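# Structural overview
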Amino acid sequence: MCIAALVSVPSEIVAQRYAANRAIEIAIVKAEDARRYDKTVEDLLKSSNEQIRSRAALAAGRIGHDAAVPALSVLLERDRSVKVREMAAFALGEIESIKAADVILRLIGETARAQMPGVVEHDNRGRLAEAAGKIAAANPKDPKAKDLGQAIVFTLEAEQRKAPQNTETIRLALTAALRARTAGSEETVRKFLAHTDPAIVSDALNTLTRLRAKNSSRDARDLLKTNVHAIVRANAARVLGAAEDKESVDILIKAATSDTDSRVRVAAMKSLAALKDAKAADLLLKRGETVFAAYKKAWKPNLLPNEHSEFLEIATTLGRLLTNSRNERAVNLFREFGKLDRGFSPEVYVARLRIAPVRGDNDKPELTSWRQYSTLAQVIGEFATLEPMNEEGFQMKTEAPLILAPLARAYAEADPVKDADTIKAGSDVIRAFAAFKTANLAEVLRSALLNKDLFIRATAAELLAELPSTPENLQALDGAFDYAFQNDSQYNDAILGTLDALFKLDKRKSLAAITVAAGSQDQLVRKKALDMMNEGAFTTAEIVAPSLQEKLQEVGHHSGNGTKVGQLLNSEADYARAVSRKNGSVRAILTTRKGAFTIEFLPEDAPLTVDNFIKLARTSYFNGLEVHRVVPNFVMQDGDPRGDGNGGPGWSIRCEINMVPFDRGAVGMALSGKDTGGSQWFVTHSPQPHLDGGYTVFGRVNETGMKIVDQIVRGDKIITVKIVEVAATQGSRSTRSRK
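Residues numbered from 1 in each chain as written. Predicted model: local features only at pLDDT ≥ 70, side-chain atom pairs only at ≥ 80, totals over all residues. Heavy atoms only, no water.

Packing of helix α14 (residues 230-242) against helix α16 (residues 262-275) brings their axes to within 8 Å, and their N-to-C directions diverge by 5°. As the angle between them shows, α14 and α16 are arranged roughly parallel. Where α14 abuts α16, its residues Ala230, Ile231, Arg233, Ala234, Ala237, Arg238, Leu240 and Gly241 lie against Arg263, Val264, Ala267, Ala268, Ser271, Ala274 and Leu275. A breakdown of the residues in the contact of α14 with α16 according to their chemical character gives 10 nonpolar, 2 polar and 3 charged. (Axes fitted to C-alpha atoms, helices over the stretch in contact; angles between N-to-C directions. Helix = DSSP H or I, 4+ residues; strand = E, 2+ residues; numbered from the N terminus. Parallel < 35°, antiparallel > 145°, perpendicular 65-115°, else oblique. Contact = heavy atoms within 4.5 Å. Nonpolar A, V, L, I, M, F, W, Y, C, P; charged D, E, K, R; others polar.)

Pasting the structure below:
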């Protein structure tokens, strides 16, 4: 509509249209939040308004019920709007139902006929391939999964023959090939390594790495040596490690020790660790000494230097290359690091032990933090897999479980109130002890199931699931499930952990617990119970009728009692506020000792996720939290009040999966499964296409901000988070795809 026409429309009519559209958006977001596919959503899929049909299709995908497949299939095949057809394909992929396979295959087949003169090509072939990959990955045993995988390969082959090629289609299909894992797809993917677009080359390398393809080593070597794009070089290095290409050692050594980009160096180090060629050790040690010299010069209390992450990678790699070598140069380097680190970086101490499995030299720090206990446990537990080469080493391997036994029992019986901080090391201590598989392991784990700390109980349940199905173990797990179900309100880890263990050890005897779980207030627990009912081959009389299962998967309103996890917590005001924001209208400024960076939120793509973050930030929730996870060339992660990767706000939010790709600087919600987000978030250091459509993207950090993010290491803190509301730009931006 032109500006003149807009002027001629009475203002009250414009206001009415705005109010109507806002009411529809609120209704859609409420349905998504409740995971409720009903007549409201179904009717909106038939709206005369293209934008409403598209938005309703996204909602149907997020809700994830099979019941939406027929309506979405109709949109995909018949809707007049390219945008709606594209969203319908995306939504079918999100539902992951094999019931959608036929329509996906049929339309990709029409793409095949479109190569013939006079036939119109389907215009959403990239999203069709993406959906095929997700459905095939979710249903690997179904015969149609193979057909879907072959359709993805065809899509890639068709693009190779086209001129001009569609970049988005290629990138979506490359990631789809990774998900489907179709036999023989590696050769088709390899051909894209010669593409002129570095983003396509990078994605092809990522797919080949995760397929562990061995057909592309020569191409990867050339790209690592000559390509000007750092992400291409980094992914080429990853391919060589995954392919176990022995001929690439010299090239990888050069990249690991002299490439100008840290992402490339780290990727090359990881591949050298996989190849385990000791010839890389000397130059890598030299690099380690250079990095440590800079680290030592910059080190200050409570401020870890930028070199920290790279040094940890060097240590890990040397631990693999020099196992049992007693290399004094490496041992001395790690000893000097320990004088500054004081036991907070387990990677270095484990590497030192691998290289020289000998008794300590009285340089142990005083243990005052749970992190130090965690490091100690990981170091001692390393003896469970390490094979020493001398008598002293074998004696230490024998003594290791004897050292861990009293520590493991102490943590199994620890008081989570009196030992609130140190108990965070309990899971690592118990895991380390379990690795030795001692005769009294089951007894210690059953004792841990009685602990009031739910993470200790969750760990014990997971480990008991690996032991024999004895009456004592089943009884202990059954009691632990009952306790967790009645007492755990902030987290459901122990409920789900004990339920998993019972089901794994004895499906029949787990039925009572599954039935109780199916009546939980927590939708995540109910969903787990329903999945087990369907998998457990119970008789019809024992399971919830299929007609009721989708109803039980809906999220209920929080009643004010019991858990907030898996509950509806938003009010009408929350929904209205969330949908009123536009992309570019709100941002967060995060301050660290390394500098400040800004997250620009994408509320049009993830309204409730953005609102949840803003609400937490305005209560100072994130202020002072430690960055608990940094994986170079992957992510920086924060938002855990515990600092051990387990913490959250005491509630969960629903995923808002969208088409925004996980390119460099994407801000996503961390998960331990669908709809388990709360407060932990991450920023990607480099493109991660395998995360697309699996995690919620709700913000972006620009390249200026990423220069700060790249410097952040594990242990740094987010000092403050300030929310800034700004006026939305005219014609707000939507970054739903790579186009």
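Right, let's get into helix α32 (residues 607-618). An ideal rise of 1.5 Å per residue puts 16 Å on 12 residues; α32 measures up with 17 Å between its terminal C-alpha atoms. Most of α32 is tucked away: 10 of the 12 residues are buried. For α32, every residue scored as buried is listed here: Pro607, Leu608, Thr609, Val610, Asp611, Asn612, Phe613, Ile614, Leu616 and Ala617. Immediately beyond the C-terminal end of α32, within one or two residues, lies Ser620, with a positive phi of roughly 65°. (Expected span 1.5 Å × (residues − 1). Buried < 20%, exposed > 50% of the residue type's maximum accessible area, 1.4 Å probe, protein only.)

The residue Ala460 is located in helix α25 (residues 454-464) in this model. Placed 366 residues apart in sequence, Ala460 and Glu94 show a C-alpha to C-alpha distance of 33 Å. If we skip the residues at most four places from it in the chain, Ala460 touches Leu445, Ala448 and Leu449.

Take the sheet that holds strand β4 (residues 629-631) next. If you walk across this open sheet you meet the 8 strands as β4-β5-β7-β6-β8-β2-β1-β10, and the pairing is antiparallel. With one partner strand each, in any of the chains shown, β4 and β10 (720-725) form the two edges of the open sheet. Strand-to-strand twist of the sheet, defined as the mean angle between neighbouring strand axes without regard to direction, takes the value 25°. Pairing of strand β6 (residues 666-669) with strand β8 (residues 697-700), which is carried by 3 bridges, proceeds in the antiparallel orientation. Looking at β8, one finds that Val667 is bridged to Gly699. (Pairing = 2+ DSSP bridges.)

For the rest of this paragraph, the subject is helix α18 (residues 308-321). In this model, α18 (14 residues) spans 20 Å end to end at C-alpha, consistent with the 20 Å of a helix rising 1.5 Å per residue. Buried within α18 are the following residues: His308, Ser309, Glu310, Phe311, Leu312, Glu313, Ile314, Ala315, Thr317, Leu318, Gly319 and Leu321. Of the surrounding secondary structure, the elements contacted by the buried residues of α18 are α16, α17 (281-298), α19 (328-341), α20 (346-355) and β4.

A few words now on the packing of aromatic side chains. On inspection of all chains with the given rule, the structure shows 17 aromatic pairs. Between Phe292 and Tyr295 the ring centres are 6.1 Å apart and the planes differ by 20°, which places this aromatic pair in the stacked class. Here Tyr295 and Phe292 lie together in helix α17, a separation of 3 residues that amounts to about one turn. When the ring of Phe613 is compared with that of Phe698, the centres are 5.8 Å apart and the planes differ by 45°; the resulting orientation is tilted. (Phe/Tyr/Trp six-rings, centres within 6.5 Å; stacked < 30°, edge-to-face > 60°.)

The quantities given are spatial measurements derived from coordinates; they are silent on function.
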